Amino acid sequence: MKKERLVNNPDSILEHLAYGAWNGGTSVSNAIFENKGMFFKGGKPVDNKAIEDRIGVKTRIAAPQGERIGVAAIRDLLETSDIDASKIRLVIGATNVGDDKYDPGPLIRYPFELLREHSPDAIVFDLYAGCPGFNVATELVFMLSSAGFLTEGDVSVIVAAENVHRAKTFKPLDTSNIIFGDDALATALETKVGLTPQGRYSRIAKDARASEEDLIQAIAGTIFELNGQNRIDGLIIDNQLGKFQYKVPATAARVQHNLVELMNPEAASDGAFDTFKRALAFYDENVKSFAFDIMTFDGEGLLVERLARAYVESGKFEAVVSVHLAPDLSIKVTLHKGAGHVFRRPRSGVVDTLTRTHGCFADYIQALPDNGDVFAQIDGKGVFLHATRGAKAHIFELLGGNDLVFTDVQLLIEHQANFAMIPMTLEKLFSGTLPEKRRATAEFIADKMVTNIHERGNCSVVCMLRLPYDLERGVLTEDTIQGYQVNRNLENLKSAEIILYDSVGTGMTRSSVLHIKNNGKVGPRT
């Protein structure tokens, strides 16, 4: 074992090391969706102009039927980077659908075959958190590094791969098909320091059993029996059920909301969750927790407990619940608590993260059985509301905790869900009159962001990797989308020092990562 060293505020805990990518596929224009009998809400026929006006997509990438694009991304990482594959200790598949929606998982098992000979003892699992999956996975690696589970020189690899066309995620005439493109990337991150947790850790556990009909209630009820009215900071479920409808959204998101209702019966009976505005306000003020699923290889439940323990021993969280959900619907719930731990915020690299789930909106993106099949369904209005109106409190909390304001951000890597969401989100982050906000938004989009939805579509979890990768290799191009100039400042953005990764999606979950390069102004805070 490597000798650990105590550091009050380390220079760096976690750094991005290298990318590997699948760069194949065919560019597909909007023409493929015309004259198919598809209609947007309101009865508007689907055509090229309507697609560009509503979503901002001009083309998207479709992968060939026979290729596992996540495997291609890992292969490229190994062939084009200088990483020592024998140092890979952790491999996370941040993938929601993958190549086959019927695949019971873990989906990461295919890419991992290329790594097995180099790192046979690596910890390997899927992570299901919707489009923010890469940010959530990065936060998890950050917690494992901050708690000393990963130590100096350890390499973690996050693989994101979504082949929405091959998986037939949506019904044929669902306009959600228009939005998405296929993509896959892998990112290697290196833990830069060995840390030893300082504090007290405790755990209590309880076993239970559920049926499919009362699964969510059984898990939430068991957590409530263990923890009562005491708040929790997060919930991680090792979900071994292997069905699409239990991954989208993550089962943890539904459990989170059921638990919130158990803990707040008066608010629930008073209609606190009946409208979007009231539900968002309640969660932002009273819940403030994350919820996501993983799927481990061995399915034994020990790893999910270790992950939850790392969250509390990092010093960022005080109470996190882990759940092992077995195929026979047996449940083990463990409450992990920490006291006296101090988060050692680094000066550079990944310096801070924030993930929040609003399980009250879990139905906004969900997979549902349908006549012997299963398809994803998206409530476009609900997703739009959550993405645009939920951003301000979330982003300001993360930046404010690091002595930053939004205008300090030099590069924003924003999820490419629907271009129309981006200006509406940014307008809420600026102060001033409406004309001033719109002018500031247009300048920010042009000069402090990178954009690719018009060429690649919404690539789900892969967006967070593709954007910085394509910026680095110089393939992004200046363009205009819905009247906004994009990619106007690419050369300067390559040297940005204060970088914010922000993504929102299924759950509904928003996850953000603050990354500082070189001489960024953020400093250590305790």
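In case you missed it, the structure is sitting above this.
So, a few notes on the structure that sits alongside this text. (Residues numbered from 1 in each chain as written. Predicted model: local features only at pLDDT ≥ 70, side-chain atom pairs only at ≥ 80, totals over all residues. Heavy atoms only, no water.)

Notes on the pattern of salt bridges
Thought 1: For the structure on display, the rule yields 32 salt bridges.
Thought 2: For E313, the salt bridge identified is with R309, shortest N-O distance 2.9 Å. In this pair, E313 and R309 both sit in helix α11 (residues 302-313), four residues apart, roughly one turn of the helix.
Thought 3: Owing to a relative accessible area of 8%, E313 belongs among the buried residues under this scheme.
Thought 4: Residue classification places R309 among the partly exposed positions, given a relative accessible area of 30%.
Thought 5: A salt bridge links D502 to R510; its shortest N-O distance comes to 3.0 Å.
Thought 6: We classify D502 as buried; its relative accessible area is 0%.
Thought 7: On the basis of relative accessibility, which here comes to 2%, the residue R510 falls in the buried class. (Salt bridge = Lys/Arg side-chain N within 4 Å of Asp/Glu carboxyl O. Helix = DSSP H or I, 4+ residues; strand = E, 2+ residues; numbered from the N terminus. Buried < 20%, exposed > 50% of the residue type's maximum accessible area, 1.4 Å probe, protein only.)

A closer look at the sheet that holds strand β15 (residues 349-357)
Thought 1: Across the sheet, four strands lie side by side as β15-β22-β21-β18; this open sheet has mixed pairing. At either margin of the open sheet sits one strand with a lone partner, and together these are β15 and β18 (411-414). Averaged over all pairs of adjacent strands, the angle between strand axes in this sheet comes to 15°, irrespective of strand direction.
Thought 2: Examined bridge by bridge, strand β21 (residues 498-505) and strand β22 (residues 509-516) share eight bridges and lie antiparallel to one another. Within the sheet, the bridge partner assigned to I498 lies in β22 and is I516. (Pairing = 2+ DSSP bridges. Axes fitted to C-alpha atoms, helices over the stretch in contact; angles between N-to-C directions.)

A short note on the pairing of strand β12 (residues 290-296)
Thought 1: Burial analysis of β12 places seven of its seven residues in the buried class, which makes it a mostly covered element.
Thought 2: Neither face of β12 is left uncovered, since the one carrying F290, F292, I294 and T296 and the one carrying A291, D293 and M295 both have all their residues buried.
Thought 3: Pairing of strand β7 (residues 123-128) with β12 involves four bridges; the strand directions are antiparallel. Across the sheet, the residue bridging to Y128 is D293, located in β12.

Concerning the sheet that holds strand β8 (residues 155-162)
Strand pairing in a sheet takes place through backbone hydrogen bonds and is either antiparallel or parallel in direction.
Thought 1: Taken in spatial order, the 10 strands make up an open sheet running β1-β9-β8-β6-β7-β12-β11-β13-β14-β10, and their pairing is mixed. Each end of this open sheet is capped by a strand with a single partner; those strands are β1 (14-21) and β10 (200-209). Strand after strand, the sheet turns through a mean of 25° between neighbouring axes, direction not considered.
Thought 2: Relative to β7, strand β6 (residues 88-93) runs parallel, the two sharing four bridges. Residue pairing across strands places I92 opposite F125, the latter belonging to β7.

Looking at the side chain of N227
Thought 1: Note that N227 resides in helix α7 (residues 215-227).
Thought 2: Once you skip the residues sitting within four places of it in the chain, N227 turns out to touch I232 and L335. (Contact = heavy atoms within 4.5 Å.)

A look at the nonpolar core
Thought 1: In this structure, F406 and L426 are the most contacted members of the largest nonpolar core, which totals 67 residues.
Thought 2: No other element matches helix α10 (residues 276-287), which puts six residues into this core.
Thought 3: Residue contacts for F406: discarding those within four places in its chain leaves I395, F396, L399, L412, L426, L429, F430 and F444.
Thought 4: In terms of nonpolar packing, the next biggest core, distinct from the first, is built from 62 residues, L90, I294, C459 and C463 among them. (Core = buried A, V, L, I, M, F, W, Y, C linked by side-chain atoms within 4.5 Å.)

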